[in-house]
Structure formats: structure tokens, C-alpha cells
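Examination of the molecular architecture
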Amino acid sequence: MCRKFLSLLVIFVFLSACRDEKSDAGVNQVKGDMEALSFYDEGLLPKDFEDCKNAKCPKIRVNYLKFREDREAALAMNRYNEKNLIKIFDNAEETTENKSVKAAVEEFIKDYQNFKKDFPNSAIGYEVEISQSVLSQTKDLLVLETDFYIFTGGAHGYGAKRFANFDVASGELLDHEDLFSNLDAFRNYAEKEFRKKYKIPEGENINAKGFFFENDTFALPENIAVTKNRVILVYNRYEAASYAEGELKLSFPKNKVSEWLNY
């Protein structure tokens, strides 16, 4: 009788383990100093769209993250992320009313197919590629990194990197003023490091080496990431230099700038 009971118990434990393993398939966890936020990948390819089944489609490789919405912070982060992924597809002259990433890609496909109807002999092909990762998480701050490239004709497409710093407790997106307790002091430090890296003597015009900061005044980039160990600054193409210069990057050990940080 005992042996039979033990056999049944072993089977039960085995089945429970298999069920748990299956339920977590495809779900990743952000490792930090707190209860982990869970997330999973959403992927979109041409085969996922009806308009691509019977007509030529652009190149589409879209992979982005969604946080499992078991807390309010995750809901807020997903709303922000969806909104900003959609902006990648927005024409500079017109803002779309798309409500989801998939709807934005569908609009991108329609634009391409309309272009091919108007210019059937054109060799131009549209392309979009998006990828996301969690760059860092502490108990207070999560940094989401987005890399994208989009091409809709012309001499070249446009690619960029974007950082989003989220307060883990609230899901609130943090701007520069939230991240730094003394933004002016950090800006001054960053300028000195920028001049050192690009060999611009102190007192010389910041644009002397071909950069184009507005009003000849150094400015922080739109994209700043505050990770566990570093503060990373990225100037995307055209932000402070020509397209040919590519991405400009500065990275500081966190202990060098900690006196000006809130996180």
C-alpha cells in the first residue's frame, strides 16, 4: 500500500513539474534586486499579414517585448512601449492613428504596395527591422533598449537606438530631469568627456570638428541609459553629426557620476 502511494506521489510531482515548465515556456524574467518582471517576445513577419499572401511585401522583421501584465507598472510600460514603437512608422509629414504595432506594420505594407502600383518598374523595396532587449534592471529602475532600421526609398534608410528608463514601482517613464539630481553638473561633466574623446580643446567651439550642436552649445542626447554600473549616452544619426559619422556614444562608470544621480 505504501509503495503504491509513493508511486502515485512520484507521478503527481512529475506531472506538476511538466505543467509548470510548459506554462512558463516563452516567458523570460528580468533579473534584478527585486521580484522579477516577466516578459515575452512578440514577433511579426510577412507571413503574419493577409496582404502579403497574394502580393509582394516589404522586408519585415519586427521583434519587441511585452511585460506580463500582472502588475500596474507593467501595464503602464506596455502602453508607453506600444506608442513609441508605432512612432517608428509615422511619416514625418503625417501622424497615423494606428492603435497597435501590428496595425502600424499593416499600414507600412499598404504604403509599399500602393507605391509598387504607382511605380511597378521601381527596384526600391521597403524594409523595417526592430529588436528590443532589457538592457538593465535594478530594484528601482528598468532600462529598455530598442534598435530599429526603416527604409522607404531615398539614398539610405534610417536606423537608431532608443533607451527608455522606467521606474519599476510605478511603470512611469523617466525623463532626464527625473534621472538626475543635478542635470547641469552632469551636462558639464559630459561635455568635458565629449571634448576629451573627440579632441576638442576647452574654450574652442564645440562644433570645431564638424559637429552641429544647436547655437554652438553642447547638449545632452535624447537617449541616456542609467544601468546598474554605467551611464550611457547615445547620439543617433543627425542628432549631433552627419549621417556618415554614425552613432556617437559616451559611457561613464556609474561611480564617477553617482553624486548627480537619482537612481
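Up top you'll find the structure we're talking about.
Residues numbered from 1 in each chain as written. Predicted model: local features only at pLDDT ≥ 70, side-chain atom pairs only at ≥ 80, totals over all residues. Heavy atoms only, no water.

1. Concerning a negative patch on the surface
Cut-off, in case you're wondering: For patches, a residue must show more than 30% relative accessible area and have no salt bridge; joins then use 9 Å for like charges and 5 Å for nonpolar side chains, namely Val, Leu, Ile, Met, Phe, Trp and Tyr. Here, Shrake-Rupley sampling with a 1.4 Å probe gives the accessible areas, and only protein chains in the shown set may cover a residue. Basic side-chain nitrogens of Lys or Arg form a salt bridge, by our definition, when they fall within 4 Å of a carboxyl oxygen of Asp or Glu. Neither His nor the chain ends is counted toward charge; the positive residues are Lys and Arg and the negative residues Asp and Glu. Charge positions come from single atoms, namely NZ of Lys, CZ of Arg, CG of Asp or CD of Glu. Helix and strand definitions follow DSSP, with helices as H or I runs of at least four residues and strands as E runs of at least two, each counted in order from the N terminus. The buried label applies to any residue whose accessible area, calculated with a 1.4 Å probe on protein chains only, is under 20% of its type's maximum; exposed applies above 50%, and partly exposed to all values in between.
There is a patch of like negative charges on the surface, built from D51, E106, E107 and D111. Here D111 shows up in helix α3 (residues 101-118). For D111, a relative accessible area of 39% translates into the label partly exposed.

2. Brief notes about the side chain of R195
Basically, it comes down to this: Definition of a polar contact: a pair of N or O atoms within 3.5 Å, with one able to donate and the other able to accept a hydrogen when the atoms are protein atoms, and with sequence-neighbouring residues admitted only if both atoms are side-chain atoms. Whether two residues are in contact is decided by their heavy atoms, any of which lying within 4.5 Å being enough.
Assignment of secondary structure puts R195 in helix α5 (residues 183-197). At a separation of 2.8 Å, a polar atom in the side chain of R195 contacts the main-chain carbonyl oxygen of P201. Those residues in contact with R195 that lie beyond four places of it in its chain are I200, P201, E202, G203, E204, N205 and I206.

3. Describing the sheet that holds strand β8 (residues 230-235)
As a reminder, the rule being used: Any two strands are treated as partners once DSSP identifies two or more bridges connecting them. Where helices are involved, their axes are fitted lines through C-alpha atoms of the stretch in contact, as for all axes, and angles between N-to-C directions lie from 0 to 180°.
Read from one edge of the open sheet, three strands run β7-β8-β9, paired in antiparallel fashion. Unpaired on one side and paired on the other, β7 (223-226) and β9 (248-253) mark the two borders of the sheet. Geometrically, the sheet is characterised by an average inter-axis angle of 10° between neighbouring strands, direction not taken into account. Where β7 and β8 come together, four bridges link them in antiparallel fashion. Within β8, the position partnered with V226 by the bridge is V231.

4. Regarding the pattern of salt bridges
Under the definition given, this model contains eleven salt bridges. Here E127 and R61 are joined by a salt bridge, their closest N and O atoms 2.8 Å apart. One end of the pair, E127, is in strand β4 (residues 127-137); the other, R61, is in strand β3 (residues 59-67), with 66 residues separating them in the sequence. Given the relative accessible area of 18%, E127 is considered buried. A relative accessible area of 30% places R61 in the partly exposed class. The partner of R71 in a salt bridge is D70, and the shortest N-O contact between them spans 3.9 Å. Among the charged side chains, a network of salt bridges with common partners joins R61, E127 and E129.

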